Amino acid sequence: MGIPLRLTEVAADGESALGESRDGRHVERLDLRLVGPQPLGGWVLAFLGAARSVLTAAEAAQVADALEAVAAVQRGEGIDHLFADLIDREPELPDHLKDASA
């Protein structure tokens, strides 16, 4: 399972970096060759020691919240606070499916 990491150190050659989770509990040395050189402070989705994709800060927060939701469910806790943007709203179909449902 990929986790979002913020780059706290980037090697001069741009091929590796040190990434840290938003809560600071997870720090990992990452291979950046799949995503190319990245700026210090940027976010990546990491899996098995490699950055697999570049994320915006908002995307990183959404992934981190989803991972926290999985852990909360395993502990028997509620998760609504992690999905506040989805609570009390009607689901919307993507544009490419709207015509198909008519």
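Residues numbered from 1 in each chain as written. Predicted model: local features only at pLDDT ≥ 70, side-chain atom pairs only at ≥ 80, totals over all residues. Heavy atoms only, no water.

**Student:** Lay out the overall build of the protein in plain terms, naming residues and giving numbers.
**Tutor:** Counting its secondary structure elements, the protein contains 2 helices and 5 strands. Taken from the N to the C terminus, the helices and strands of the protein come in the order β-β-β-β-β-α-α. Over its C-alpha trace the protein gives a radius of gyration of 17 Å, far above what one expects of a compact globule, namely 13 Å for 102 residues. In terms of overall dimensions, the protein has a C-alpha envelope of 55 × 35 × 20 Å along the principal axes. Long-range contacts, defined as pairs at least 24 residues apart, comprise 31% of the intrachain contacts of the protein with a sequence gap of at least 6. Accessible surface, the protein as shown: approximately 6,900 Å² in total, 55% of it carbon and sulfur. Side chains of the protein give 9 positive and 18 negative charges; the mean places of these two sets differ by 5 Å. (Helix = DSSP H or I, 4+ residues; strand = E, 2+ residues; numbered from the N terminus. Rg over C-alpha atoms; globule rule 2.2 N^0.38 Å. Contact = heavy atoms within 4.5 Å. Areas by Shrake-Rupley, 256 points an atom, 1.4 Å probe, with all protein chains shown as cover. Lys, Arg positive; Asp, Glu negative; His and termini not counted. Charge placed at Lys NZ, Arg CZ, Asp CG, Glu CD.)

**Student:** Give a detailed account of helix H1 (residues 57–74), specifying residues and quantitative values.
**Tutor:** With 18 residues, H1 extends 26 Å between its outermost C-alpha atoms, agreeing within 8% with the 26 Å of an ideal straight helix rising 1.5 Å per residue. By the burial criterion, the buried members of H1 are Ala-60, Ala-64, Asp-65, Ala-69 and Ala-72. Phi for Gly-76, located one or two positions after H1, is positive at around 80°. (Expected span 1.5 Å × (residues − 1). Buried < 20%, exposed > 50% of the residue type's maximum accessible area, 1.4 Å probe, protein only.)

**Student:** Run through the side chain of Ser-21, naming residues and quoting values.
**Tutor:** Counting through the fold element by element, Ser-21 comes out in the loop between strand E2 (16–20) and strand E3 (27–31). Take Ser-21: its relative accessible area is 12%, and that puts it in the buried class. With residues near it in sequence (within four places) discarded, Ser-21 still touches Pro-4, Leu-5 and His-26.

**Student:** Requested: an account of the nonpolar core, with residues and values cited.
**Tutor:** Leu-5, Leu-7, Ala-17, Leu-30, Leu-32, Val-44, Ala-46 and Ala-51 form the largest nonpolar core, which has 8 residues in total. Once you skip the residues sitting within four places of it in the chain, Leu-32 turns out to touch Leu-7, Val-10, Gly-14, Glu-15, Ser-16, Ala-17, Gln-38 and Ala-51. (Core = buried A, V, L, I, M, F, W, Y, C linked by side-chain atoms within 4.5 Å.)

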